[in-house]
Amino acid sequence: MAGQGVDGIEDTAGGFGVYIHWPFCKAKCPYCDFNSHVRLVPPDEARYIAAFRREIAHMRALSGPRRAETVFFGGGTPSLMAPSTVAAILEAIDDAWPLTADAEVTLEANPTSVEAERFQGYRAAGVNRVSLGVQALDDADLQGLGRMHSVAEALAAVAIARRAFDRVSFDLIYARPRQTPEAWSAELGRALAEGCEHLSLYQLTIEPGTPFERLYGAGKLILPDDDLSRALWDVTQEVTAQAGLPAYEVSNHARPGAEARHNLVYWRYGTYAGIGAGAHGRLQVGGTRRATFTERAPEAWLARVEADGHGIVSDETLTPAEQADEMLLMGLRLREGVDLARHARLGGRIDRGRLAMLEAERLVAREGDRLRVTPAGFPVLNAVIAALAG
């Protein structure tokens, strides 16, 4: 269930998925602000399996009976887990929320040769989609991004993944220092030649508290200016569309039918259980939508789960207005846009004057009950959303 409308009618759109957070990495990338941690001693996976099982059971008690349409192992670096750990967690999920026959089960992986060798084990465990953190197809830029693999290792991992899984995606970061539109176009062409069904293409941003923020503030990290960033954005849209992988979301590109179904649960404002250290969730509990958040520090999360059966540190009932704003924030990222009738049922209101202004500027368009951001509006998406949700 996706929420309770102001008229008391439950909103069933969006689907239901399960997110599993594995918070450990071999090294912390200098641009990353995700909840990821480096440990000199590998975590006790058996202990974590037991904790995941307990938190899954607690979330199941909150959510009631559902069928899981998607599962996503994110991080951190989930490909540091043994395949047997993934299998045990999936078994616990299936016991709590039986997986649909066509459930999408995604695992994020780093493209090092050691982790690529595990792919067959993950496939046997039940994973049917892999998302690789390639990030760049330039060895100097990989080093600058703090990545631990080379281009050759990344492409070898992509090839192994394609043999192991029917569905493969990988990430690239652009708007990197000194990057030109011509170089990015060539890099995209090389990525598309790998024949994957899905690409996630993110502009490099400076996140608070990261080493990149300190370098940027000291003038030691120079990023493309606004005009160059826009040119790189335009190249991204043009090259991927010509290759048959148009953007279906502001940063995600796929062949028709190959979209990331788990992420669509978020963007279509479905519900999902967030399991593991620092995981967010949106659950339907007793007719209301609840926003859950678990303890971020892995060891503290583990202790909480072992003591209390869960690691939840925040559990907030969302008001209709909050739900409507969240739906707008997430849904306008999609090319398909949002259902205005559903937005209204959740309690949302859009200022007609602001909407008319955005339409006149051709930043948004209405088609029946759907409101979507236009190609001209996507480069300034945050401003569009702010205007509509304000």
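Residues numbered from 1 in each chain as written. Predicted model: local features only at pLDDT ≥ 70, side-chain atom pairs only at ≥ 80, totals over all residues. Heavy atoms only, no water.

## Looking at the overall build of the chain
Item 1. Along its length, the chain carries 15 helices and 19 strands.
Item 2. Computed over C-alpha atoms, the radius of gyration of the chain comes to 21 Å, within 12% of the 21 Å expected from 2.2 N^0.38 for 390 residues, which places it in the range of a compact globule.
Item 3. Over its C-alpha atoms, taken along the principal directions, the chain stretches across nearly 55 × 55 × 45 Å.
Item 4. With 390 residues in all, the chain has 54% of them scored as buried.
Item 5. Charge separation in the chain, taken as the distance between the mean sites of 41 positive and 51 negative side-chain charges, equals 2 Å. (Helix = DSSP H or I, 4+ residues; strand = E, 2+ residues; numbered from the N terminus. Rg over C-alpha atoms; globule rule 2.2 N^0.38 Å. Buried < 20%, exposed > 50% of the residue type's maximum accessible area, 1.4 Å probe, protein only. Lys, Arg positive; Asp, Glu negative; His and termini not counted. Charge placed at Lys NZ, Arg CZ, Asp CG, Glu CD.)

## Describing the pairing of strand 3 (residues 16-22)
Item 1. Taken across its seven residues, strand 3 has seven buried, putting it largely inside the fold.
Item 2. Here strand 3 shows no split at all, with Phe 16, Val 18, Ile 20 and Trp 22 on one side and Gly 17, Tyr 19 and His 21 on the other all buried.
Item 3. By the bridge criterion, six bridges tie strand 3 to strand 6 (residues 68-75) in an arrangement that is parallel. In the strand pairing of strand 6, Tyr 19 is matched with Phe 72. (Pairing = 2+ DSSP bridges.)

## Some points on the pairing of strand 15 (residues 288-294)
Item 1. In terms of burial, strand 15 is largely enclosed, as five of its seven residues are buried.
Item 2. Direction of pairing for strand 14 (residues 280-285) relative to strand 15: antiparallel, over a ladder of six bridges. Bridge assignment links His 280 to a residue of strand 15, and that residue is Phe 293.
Item 3. In sequence, strand 14 turns back onto strand 15 through a hairpin of two residues, with Gly 286 there showing a positive phi of about 55°.

## So, the side chain of Arg 282
Item 1. In this structure, Arg 282 sits in strand 14.
Item 2. Judged by relative accessible area, which is 14%, Arg 282 ranks as buried.
Item 3. Of the polar contacts made by the side chain of Arg 282, one reaches the side chain of Glu 326; its length is 2.8 Å.
Item 4. Those residues in contact with Arg 282 that lie beyond four places of it in its chain are Gly 270, Thr 271, Tyr 272, Arg 289, Arg 290, Ala 291, Thr 292, Leu 318 and Glu 326. (Polar contact = N/O pair within 3.5 Å; in protein donor to acceptor, adjacent residues only side chain to side chain. Contact = heavy atoms within 4.5 Å.)

## Let's talk about helix 15 (residues 381-389)
Item 1. All buried positions along helix 15 are accounted for by Leu 381, Val 384, Ile 385, Ala 387 and Leu 388. The buried residues of helix 15 occupy an angular sector of 160° when projected down its axis, which confines them to one face. (Arc of directions from axis to C-beta.)

## A short note on the packing of helix 14 (residues 352-360) against helix 15
Item 1. Packing of helix 14 against helix 15 brings their axes to within 8 Å, and their N-to-C directions diverge by 150°. Classed by the angle they form, the pair helix 14 and helix 15 counts as roughly antiparallel. In contact with Arg 354, Leu 355 and Leu 358 of helix 14, helix 15 contributes Val 384, Ala 386, Ala 387 and Leu 388.
Item 2. Grouping the amino acids of the contact of helix 14 with helix 15 by side-chain chemistry returns six nonpolar, no polar and one charged. (Axes fitted to C-alpha atoms, helices over the stretch in contact; angles between N-to-C directions. Parallel < 35°, antiparallel > 145°, perpendicular 65-115°, else oblique. Nonpolar A, V, L, I, M, F, W, Y, C, P; charged D, E, K, R; others polar.)

## Some points on the state of the cysteines
Here a disulfide denotes one covalent bond, and it connects the sulfur atoms of two cysteines.
Item 1. As enumerated under the stated definition, the model contains zero disulfides in all.
Item 2. Free of any disulfide, Cys 29 has its nearest cysteine sulfur in Cys 32, 6.3 Å distant. (Disulfide = S-S within 2.5 Å.)

## Thoughts on the sheet that holds strand 17 (residues 338-339)
Item 1. Reading across the sheet, the three strands line up as 17-19-18 and stay open at both edges, with antiparallel pairing between neighbours. The open sheet has two free edges, formed respectively by strand 17 and strand 18 (364-367), since each of these has just one partner strand.

## Quick word on the side chain of Thr 85
Item 1. Structurally, Thr 85 can be placed in helix 2 (residues 83-96).
Item 2. At a separation of 2.4 Å, a polar atom in the side chain of Thr 85 contacts the side chain of Glu 45.
Item 3. Setting aside residues up to four positions removed in sequence, Thr 85 forms contacts with Glu 45 and Ile 49.

## Describing the confidence of the model for the chain
Caution applies to low-pLDDT parts of the model: their predicted coordinates are not meant to be read in detail.
Item 1. Of the residues in the chain, 96% have a pLDDT of 70 or more, and the chain-wide mean is 93.
Item 2. Ignoring residues within four places in sequence, the model shows residues 5-9, a span with pLDDT below 50, making 10 contacts including any to other chains. (pLDDT = per-residue confidence, 0-100.)

## Concerning the nonpolar core
Item 1. Counting 102 residues, the largest nonpolar core has Phe 73, Trp 97, Phe 119 and Leu 388 as its most contacted members.
Item 2. Looking at this core element by element, the count peaks at seven residues for helix 6 (residues 151-164).
Item 3. What Trp 97 contacts, discounting residues up to four positions off in sequence, is Phe 16, Val 18, Ile 56, Met 59, Arg 60, Ser 63, Gly 64, Arg 66, Ala 68 and Ala 273. (Core = buried A, V, L, I, M, F, W, Y, C linked by side-chain atoms within 4.5 Å.)

## Details of the environment of Leu 318
Item 1. Tracing the sequence through the fold places Leu 318 in the loop between strand 16 (312-317) and helix 12 (320-331).
Item 2. In this structure Leu 318 touches Tyr 269, Arg 282, Arg 289, Ala 291, Gln 323 and Glu 326, once residues within four positions along its chain are discounted.

## Focus: the packing of helix 1 (residues 45-63) against helix 11 (residues 298-308)
Item 1. Their axes nearest at 9 Å, the elements helix 1 and helix 11 cross at an angle of 60°. For the element pair helix 1 / helix 11, the angle class is oblique. Relative to helix 11, helix 1 is oriented so that their crossing is left-handed. Along its contact with helix 1, which presents Arg 47, Tyr 48, Ala 51, Phe 52, Arg 54 and Glu 55, the element helix 11 presents Pro 298, Glu 299, Trp 301, Leu 302, Val 305, Glu 306 and Asp 308.
Item 2. Considered class by class, the residues forming the contact of helix 1 with helix 11 number seven nonpolar, no polar and six charged. (Left-handed = near helix turned anticlockwise from the far one by under 90°.)

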